[in-house]
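Coordinate inspection notes
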Amino acid sequence: MIKNNKKNTIYLLIVVLFAFLLYLFKITHYSFSIDTECLINDNNELLNSWYGIGRYGLCIFKNIFHTLPINITLTNFIATFFLAICSFLWVRYFEIIINKKLKIVSKVIGMLLIISSPIMMEQMGFVLQSIEIMVGFSLSAIGSILFVDYFEKKHKSSLVISIILIFITFSFYQAFVFLLISAVIMYLICKNKDQQVETQNIINDVIRSIFIFIIMFALYFILDKYVLSILDLDKTSYLTNQFLWGTESINVILKSTFKNLIKVYSGYYNCYHPFFTILSFVFIYDYSLKDKKDYWKLFLSICLFIVPAILILITGSEAVGRSQFSIVITLSFYMIYFLEKKDHKIIKIISILIILFQSVVTVYLQVSAQNVYNLDKKLAYDIVETLQENHLEDKKIAIIGCYNPNKMLKGEVLGHSFFEWDNFDGQTSNGRVQGFFRCLGLDNQFVENNQLPNCYNLVKDKEIYLKNKKVYINDDIVIIKLSES
């Protein structure tokens with residue numbers, strides 16, 4: 001037992017060291033991406049918006065552990081530590097469901113695949129919630145371990161604690177729902193990997209899993225309604241607006257669904273994995289078709305493959321890449337499965353190459369995010385300086401067009417400018433831009449959104465600001481055009 005604990009400690013130290021080396025640039029450089037400006041400027045308003053979309057666990061955690069106001073550097077440090085912890089716990093979960101002591105190489109590779117994932121980097125880039133998401137990842141692993149303990153040993157206390165932990169993660173971030181689905185499917189896959197699956201047994205396991213899932217979800221919704229009633233807040237439409245079914249034509253929805261499925265399974269975004277689909281096909285063949293066709297095994301392996309598509313199919317719209325936790329964990333599970341089944345050198349080489357690829361992308365995204373943050377600051381200060389030089393600092397600003405000179409690799413959010421978000425029909429000076437100015441200590445006033453269309457029409461054929469720092473004045477409004485129409 002003591003020897004086991006020492007080995008586990010060594011593994012944990014290795015992954016913690018790797019995590020801090022991988023995220024060293026982010027920890028040692030100050031920057032933040034969209035939405036964090038809301039937490040910095042008005043954390044109460046942001047918390048109320050989170051309550052309104054059912055993320056009450058996130059809010060309660062921040063209040064209990066005093067992560068308001070946010071300290072960017074400390075937050076990055078703590079989140080990196082919990083990233084390492086969650087990778088350790090998930091590999092421990094794999095060891096339990098595979099029901100054998102994993103090789104050292106399998107454990108280390110499994111953990112490093114999770115830590116180096118660009119999807120995790122995208123989540124870490126959202127500094128306003130990075131600690132909570134990594135803690136949620138860890139709680140989800142513990143909850144899944146206890147879930148399996150109940151199934152295998154019928155410990156009712158394990159089931160109760162599992163339900164509590166899992167529904168708490170739902171209240172942190174609804175994407176944890178799909179992580180749980182993947183975890184349960186992995187358990188069923190491993191439970192039946194060495195035997196012919198009996199139809200009645202698999203049906204019983206699925207029914208029990210669905211029933212427990214319904215209990216978790218019911219607890220989440222009941223507490224959600226209770227919290228909103230206590231705080232006298234209304235549910236917002238942020239999540240419901242993502243449902244296209246019933247709001248668009250079938251053709252539009254089908255085209256959108258097909259396009260977004262291609263994005264997920266091709267690795268279109270930097271935060272997705274180009275290896276996921278290939279490894280999924282290899283796993284499906286090896287697990288269910290190679291020796292003897294087993295249709296229940298085929299069903300389970302296909303189910304694991306389609307989890308990242310569930311939200312797309314349900315809503316008919318795009319699922320944000322940073323919420324695709326199932327891809328991160330499933331990729332790690334696949335490689336551990338292959339390493340444990342066949343100790344081929346080629347599998348180790350492929351694993352190392354994937355880790356290296358992910359690590360390069362993760363570091364590159366950190367540098368890219370820092371680069372665009374510095375460029376955004378430079379532009380904001382330059383605009384204010386231009387206004388002061390022309391004695392226009394007291395006038396309201398209208399920013400038209402978008403801006404992102406960052407030529408480095410861009411992820412889903414990381415590497416993108418505050419000046420390019422929500423650029424509807426060339427009109428840009430939205431809450432994100434204004435919030436960014438406030439974070440920099442700049443108190444300039446901006447025009448109301450209903451004034452932007454007129455400002456846009458006035459300058460749509462005129463020279464952009466970046467050429468000669470040209471600004472335009474209309475009715476005491478300073479119009480700054482950042483890009484061509």
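The following paragraphs examine the structure supplied in this document. Source: prediction; values computed, not measured.

1. Some points on the overall build of the protein chain
On a plain count of helices and strands, the protein chain comes out with 21 helices and 3 strands. A compact globule built from 485 residues should have a C-alpha radius of gyration of about 23 Å, and the protein chain, at 25 Å, falls within 12% of that. Counting only C-alpha atoms and orienting by the principal axes, one finds that the protein chain spans roughly 80 × 45 × 45 Å. Expressed as a percentage of its 485 residues, the buried residues of the protein chain come to 55%. Accessible surface computed for the protein chain: about 22300 Å², of which carbon and sulfur atoms make up 62%. Of the side chains in the protein chain, 45 bear a positive and 39 a negative charge, and the two mean positions are spaced by 12 Å.

2. Thoughts on helix α9 (residues 130–153)
Its 24 residues place the ends of α9 34 Å apart at the C-alpha level, agreeing with the 34 Å of an ideal helix rising 1.5 Å per residue. The buried count for α9 comes to 21 of 24 residues, which makes it a mostly enclosed element. Looking one or two places after α9, you find Lys 154, whose phi comes out positive at around 60 degrees.

3. Let's talk about the packing of helix α14 (residues 276–289) against helix α17 (residues 325–341)
Relative to each other, α14 and α17 sit at 45 degrees, their axes nearing to 10 Å. Comparing their axes, α17 and α14 come out oblique. Crossing handedness for the pair α14 and α17: left-handed. Counted together, Phe 276, Leu 279, Ser 280, Val 282, Phe 283, Asp 286 and Tyr 287 of α14 and Ile 327, Thr 330, Leu 331, Phe 333, Tyr 334, Met 335, Tyr 337, Phe 338 and Lys 341 of α17 form the full contact between these two elements.

4. A few points about the pattern of salt bridges
A complete count under the given rule lists 15 salt bridges for this structure. Lys 263 serves as the salt-bridge partner of Glu 318, at 3.9 Å between the closest nitrogen and oxygen. Here Glu 318 is found in the loop between α16 (310–315) and α17, whereas its partner Lys 263 is found in helix α13 (residues 250–266), with 55 residues between them in sequence. For Lys 263, a relative accessible area of 12% translates into the label buried.

5. Side note on α14
In a regular helix each residue adds 1.5 Å, so 14 residues correspond to 20 Å; α14 covers 19 Å between its end C-alpha atoms and thus fits that length. The set of residues buried in α14 consists of Phe 276, Thr 277, Leu 279, Ser 280, Phe 283, Ile 284, Asp 286, Tyr 287 and Ser 288. Against α11 (176–191), α13, α15 (295–306), α17 and α18 (345–389) lie the buried residues of α14.

6. What to know about the nonpolar core
Core analysis: the biggest nonpolar cluster contains 152 residues, and Trp 90, Phe 94, Ile 97, Phe 333 and Phe 419 have the highest contact counts within it. Sort the elements by how many residues they give to this core and helix α6 (residues 72–98) lands first, with 14 residues. One finds Leu 452, Tyr 456, Tyr 472 and Ile 477 within the second-largest nonpolar core, a separate group that totals 10 residues.

7. Describing empty space enclosed by the protein
Per the stated rule, a full pass over the model turns up 4 cavities of 30 Å³ or more. Quantified by volume, the largest cavity comes out at close to 90 Å³. As for the largest cavity, its lining consists of 16 residues, of which Phe 32, Ser 33, Ala 369, Val 372 and Tyr 373 are closest to the centre. Of the residues forming the lining of the largest cavity, the biggest block, 4 residues, is contributed by α18. Of the volumes computed, that of the second largest cavity is approximately 70 Å³. Lining the second largest cavity, in full, are Asn 8, Tyr 11, Phe 88, Val 91, Arg 92, Glu 95, Leu 102, Lys 107 and Met 111.

Definitions and limits used
- Residue positions within a chain follow its written sequence, with the count starting from 1.
- Residue-level local features of this predicted model are given only where pLDDT is at least 70; pairs of side-chain atoms are given and counted only at 80 or more, and the full residue set underlies all totals for whole chains, interfaces and linings.
- Only hydrogens and water are set aside; all other atoms, that is, all heavy atoms of the structure, feed into the side-chain values.
- Only DSSP runs of H or I covering at least 4 residues are called helices, and only runs of E covering at least 2 are called strands; the numbering of each starts at the N terminus.
- As a reference, a globule follows 2.2 Å times the number of residues to the power 0.38, and the radius of gyration itself is taken over C-alpha atoms.
- Exposed residues in this analysis have more than 50% of their type's maximum accessible area, buried residues have under 20%, and partly exposed residues fall in between, with area computed by a 1.4 Å probe over protein chains only.
- Exposure was quantified through the Shrake-Rupley algorithm and a 1.4 Å probe, taking into account, for residues, occlusion by the shown protein chains and nothing else.
- Under this rule, positive means Lys or Arg and negative means Asp or Glu; His and the chain ends count for nothing.
- By convention, charge coordinates are those of NZ in Lys, CZ in Arg, CG in Asp, or CD in Glu.
- Expected helix span is taken as 1.5 Å per residue step, with the number of steps being one fewer than the number of residues.
- Lines fitted to C-alpha atoms define the axes, with helix axes restricted to the stretch in contact, and inter-axis angles between N-to-C directions lie between 0 and 180 degrees.
- Convention used here: angles under 35 degrees read as roughly parallel, angles over 145 as roughly antiparallel, angles from 65 to 115 as roughly perpendicular, and any remaining angle as oblique.
- Crossings are classed by handedness, with left-handed meaning an anticlockwise turn of the near helix from the far one by less than a right angle and right-handed meaning a clockwise turn.
- By definition in these notes, contact holds between two residues if any of their heavy atoms fall within 4.5 Å.
- Here, a salt bridge means any Lys or Arg side-chain nitrogen found within 4 Å of an Asp or Glu carboxyl oxygen.
- To define a nonpolar core, start from buried Ala, Val, Leu, Ile, Met, Phe, Trp, Tyr and Cys residues and group those joined through side-chain atoms within 4.5 Å.
- A pocket here means an open set of points on a 1 Å grid, computed over the protein atoms alone, that has protein on both sides within 12 Å along at least five of seven lines. A cavity is instead a set of points where a 1.4 Å probe fits but cannot get out; residues with an atom within 4 Å of a point line either one.
- Grid points are joined across faces, edges and corners, and a volume is the space filled by probe spheres set on the points.

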